[in-house]
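Chain by chain, the residues run as shown.
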Amino acid sequence: MEGRTGSYGDVGVESRLERALERRGIDQFYQHQTAAIDAIRDGENAVIATPTASGKSLIYTVPAVERALDHDGRTLYIAPQRALINDQEANFTDLTDDLGLGATVDVGQYTGQLSQTEKRAVRGDQPHIVLMTPDLLHYGVLPHDHLWEWFFRQLDTIVIDEVHEYRGIFGSQIALVMRRLTRMCERYNSDPQFICCSATIGNPAEHAGNVTGQSTDSFSVIDEDTSTTGATHWLFWNPPPVKDNSQAESDTQHPAPSELEPEPQSPTMTSDGGEALPAPAPPSTDIDTSSDVQSDPTVDDGGEGETETSVEPESGGERKSNHAEAVRLFCDLVTRGYQTLVFTRTRQGAERCAEWSAAELHKRGEHQAANAITAYQAALKQDRREEIEDGLHDGSIPGVWSTSALELGVDVGGLDVVILNGYPGTRMQTHQRAGRAGRGRDASLVTLVGGRDQLDQYLMGHPDVFFEGDPEEAAVNPSNDQLMPDHVLSAARESWLSPADEQHFGEKFPEFVTQLESEGLLERRNTNKGVRWTYAGDGSPQHEMSIRAIHDREIQIRDRLNETDLASLSYDDALRDVHPNAIYHHQGEKYEVVDLDLERDTAFLESTELSYYTQALTDKAISVNEVLNETTLATHPGVTVGFADIEFREQVTKYLRCTQGNDDNGEPIPLPEPLPPTELRTRALYFTIPPAIKQNLRAESDVDDGFEGAIHAVEHAMISLFPLEFLCDRRDIGGLSTPLHPQTAKSTIFIYDGYPGGVGLARGGYERVEDLLRETRDLLADCPCESGCPACIQSPHCGNANDPLDKSLALSLLDYLLGDATIEPNHHEMDEVDNARQQEPVENRSEVEVKVDTAIDSIATNENSGGTDDIDQRPTTPETPETDKKTVVAEQIATHSQTNVDTETVAETLAKLEGYDIEPETAKPPLLELYGVAGPSIYDIPGIGPVRGHHLFQAGYHTPEAIAAASSGDLTDNVPYLTEWVASKIQPSAEEFLDE
């Protein structure tokens, strides 16, 4: 991508500030900086959504300093990390110290790294510009507003830096903190402007409004970068395909040794954008590059004799490790003198790859460089992080492996190269990380090394999607009903509540107040100014909640032999990562978990040389609490698509032990005792699979669990593509697929937000479900593998070790859902038999259970041809004698009826049915005859088939009037077979039937 010469605007600044800026080489402003400063001076809120190194900090620095000089105006600067605050404090202080005599603008940070004495000193100095994290605002400022009255009364400007970081559950928490901040400003009669700085996202004004509580229309959006940049060279590097099974994992143990070491080259990157990088020497590895040669043009299969004019990028299939490829590239670049930063996804990955890189550089004789290679991640102590930052800035560290901790705007100087070890997950994060290289006019190289998973390989095959696609949208949910009560209590503790606070906390505010008052946590008072509520609890609600973690509980990771603490993990992460016998990596060392003591919240580890690694396996279940929205798929009206409030339950019951270097699926090892289950109430997208599609897929499959493998594969692939549409990580989304869910009464795929209360991701998926399904189908169709691989349907986060999965049937399923394949109309929708085994998710079911369910499913298949002429063109199920069908279905109904009706009585009724078409009109006559009902009956109500009807009849609900008169609670209590969700559907259906 070509470099760009900046374009400049005209903006006047205060004379003392102007001279201070000129002494730093800043004598003019880019056009986007001018536009933003003008908007702020006009009293507008502003959101600046431009790339890294585009000069965003100058935009808020000018008004902050000018307002301090003009009328002692105060500015609050908020950033998500202390490292960024340290960096910006130094910049502010350096500038304000140079304003000259008589120009006093004080700067101070207020963060958790200060002692109590230092914090008192900051408050005593009453600085004009205060820098803090949202954590200190929540814990240390809002609860003690009497100590900050001087600040709130003169607060003119609130700067929220890196506002795109405030998304998901963390962003939802911060959005509620911002609403409490606005309340506090109102109390002290101040009305500050908001200046938000963001990476490039798809909805900057909407997101800034959601985070701050201000209206979207109040924000002026500045999203065009007019700054000077050097050329950026982008390289998408896809690891070569695995030629045989022995290669699949061998390169993950250690990078291949160097055999032919090229002479080091001096860096010769150009900065004018007019020249390309010099052709690199061949990597000093054992990579077989023959697979990268493009094939000759081929003749189109259509028989027209046309020749292809281009070759699509090759992607998908089983490929060698991206970690090993990134290590090789890193070592080649460092050897040639390029200062290189690698971003990788996990702390453990950063530590291991830094260790491998150092070992490889030692083999090459680059001992000085090898000794300086290190990993950077948030768990390091502050002094170590600062040491690495300084080493990058002064060039003494030639290369670093980092997690996202170096993604934000901490100044580490201008690097030559950024390697992305796997796609970061979003375009926004990719460009943020890429911006770490080539500051100013210097050229830079950005290399994306494709991982084995679905999204990486999709982009390797469709690079245009990355470069031409729209920026992702940031999602935040300030209306999260699981977060709101704590913030309402915190607000009451800070300043009494009134009905007017609905403007800050939304339309459900009165409900929360009523609930909290009934629990004795709020006290109602009648005053001359109307009703008020004060906090009636004990202690500090602010300190009883965490705004960064889903749960406050943490598990300490302790080296038992050395009696030292290594790190800490959240409770949920600890159950997965440090379960008994797990292998855990830390700072280049490998440990085995010898004990997880949940009573003491401590995991005890011992150093080990074991050659295997482990992965937790879990059992999962989802129940639907409330359907919030529901529609049908435009491409297939028989598919119900819903958005619901759900309860997700997960329990670690075993783990997978995998030997490095072996191409096997690992050995599942049961835990001595299952770990405690975790529960999550959140929001989910779900869609059902019509029974006719299910039957056809079972008929197409030559294995017992083919259908289960199909829905499981679609779930995996669909989740992997969520980051193409939304600003999220793949791990922010979870999924569950089940061949029969008891509440939808059909096979169902759920995709849920991985955070309490949801953060808007599942809602976004509900609104764009057809696009997601189409992209999922493209992903599977483009992958050259035959049976599924990490590039299409396998997931590294699967709690069931990616079993079962069926790629071919998954493609067929997507074709049916998208209307690209059809099923003959004689396949009727079924009100499925509620088999307890079938209700379990795919992830939890044994091979025997799958076989039993397959048999039952085939028995329940309707084989009435319906008079169609082309019945032979569709797949058919194996013939089952009619008497056997009736017996099995009768047994199923009798087993689950919880009544005294015997199998023979039910069988007698079923014998009168023609086939097993369970449409109400077909089932009605024989069943009504059995129960002796005349006139309108419950079978006239949509949604009631023979099984539900049987249970309702046995409970005494013989007429629509009886069901309409009952509450859903009555139905659930009296008819245990019905779930609350089904009862909530049937009761209003009865009312509608009577109204008509």
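Residues numbered from 1 in each chain as written. Predicted model: local features only at pLDDT ≥ 70, side-chain atom pairs only at ≥ 80, totals over all residues. Heavy atoms only, no water.

Strands belonging to one sheet form pairs held by backbone hydrogen bonds; the direction of such a pair is parallel or antiparallel. The strand order S19-S18-S22-S21-S20 describes an open sheet built from five strands, whose pairing is mixed. Every interior strand has two partners, whereas the edge strands, strand S19 (564-570) and strand S20 (583-586), have only one. Pairs of neighbouring strands in the sheet enclose a mean axial angle of 35°, with direction left out of account. Sheet topology places strand S18 (residues 554-559) next to strand S22 (residues 602-607); four bridges connect them, and they run parallel. By the bridge assignment for S22, Ile-557 is matched with Ala-603. (Pairing = 2+ DSSP bridges. Helix = DSSP H or I, 4+ residues; strand = E, 2+ residues; numbered from the N terminus. Axes fitted to C-alpha atoms, helices over the stretch in contact; angles between N-to-C directions.)

Moving on, we get to the pattern of salt bridges. For the coordinates displayed, the defined rule picks out 34 salt bridges. One salt bridge connects Asp-225 with Arg-4, and the closest N-O pair in it is separated by 2.9 Å. Pair noted here: Asp-225 is in the loop between strand S9 (219-222) and strand S10 (232-237) and Arg-4 is in the segment before strand S1 (8-9), with a separation of 221 residues, a long-range link. Using a relative accessible area of 33% as the deciding quantity, one classes Arg-4 as partly exposed. The partner of Asp-597 in a salt bridge is Arg-600, with the nearest N and O atoms 3.8 Å apart. Put simply, Arg-23, Arg-24, Asp-94 and Asp-98 are held in one network by salt bridges that share partners. (Salt bridge = Lys/Arg side-chain N within 4 Å of Asp/Glu carboxyl O. Buried < 20%, exposed > 50% of the residue type's maximum accessible area, 1.4 Å probe, protein only.)

Before going further, it helps to examine the packing of aromatic side chains. Counted by the stated rule, this structure contains 23 aromatic pairs. Ring plane angle 35° and centroid distance 6.1 Å describe the contact between Phe-643 and Tyr-766, whose orientation is recorded as tilted. Of this pair, Phe-643 sits in strand S24 (residues 636-659) while Tyr-766 sits in helix H25 (residues 761-767), and the two are 123 residues apart along the sequence. Like Tyr-766, Phe-643 is buried. Among the aromatic residues, ring-to-ring pairing joins Tyr-110, Trp-148, Trp-150, Phe-151, Phe-152 and Tyr-188 into one connected group. The ring of Tyr-110 carries the charged tip of Lys-119 above its face, separated from the ring centre by 5.9 Å. The ring of Tyr-612 has Arg-657 sitting right over it, with the charged end atom 5.1 Å from the ring centre. (Phe/Tyr/Trp six-rings, centres within 6.5 Å; stacked < 30°, edge-to-face > 60°. Lys NZ or Arg CZ within 6 Å of the ring centre and 35° of its normal.)

Attention shifts here to the confidence of the model for the protein. Mean pLDDT over the protein: 80, with 79% of residues reaching 70 or higher. Between residues 245-311, whose pLDDT stays under 50, and residues either more than four places distant or in other chains, the model counts 108 contacts. Counting interchain partners and residues more than four positions distant, the pLDDT-below-50 stretch residues 825-840 has 66 contacts. (pLDDT = per-residue confidence, 0-100. Contact = heavy atoms within 4.5 Å.)

Let us now look at the packing of helix H26 (residues 769-782) against helix H27 (residues 807-817). If you want to describe how two helices pack, look at the angle between their axes and the distance between the axes. With their axes 10 Å apart at the nearest point, H26 and H27 run at an angle of 145° to one another. Judged by the twist between their axes, the crossing of H26 over H27 is left-handed. The segment H26 lies against H27, with Leu-773, Thr-776, Arg-777, Leu-780 and Ala-781 engaging Lys-807, Ala-810, Leu-811, Leu-814, Asp-815 and Leu-817. Along the lines of polarity and charge, the residues of the contact of H26 with H27 split into seven nonpolar, one polar and three charged. (Left-handed = near helix turned anticlockwise from the far one by under 90°. Nonpolar A, V, L, I, M, F, W, Y, C, P; charged D, E, K, R; others polar.)

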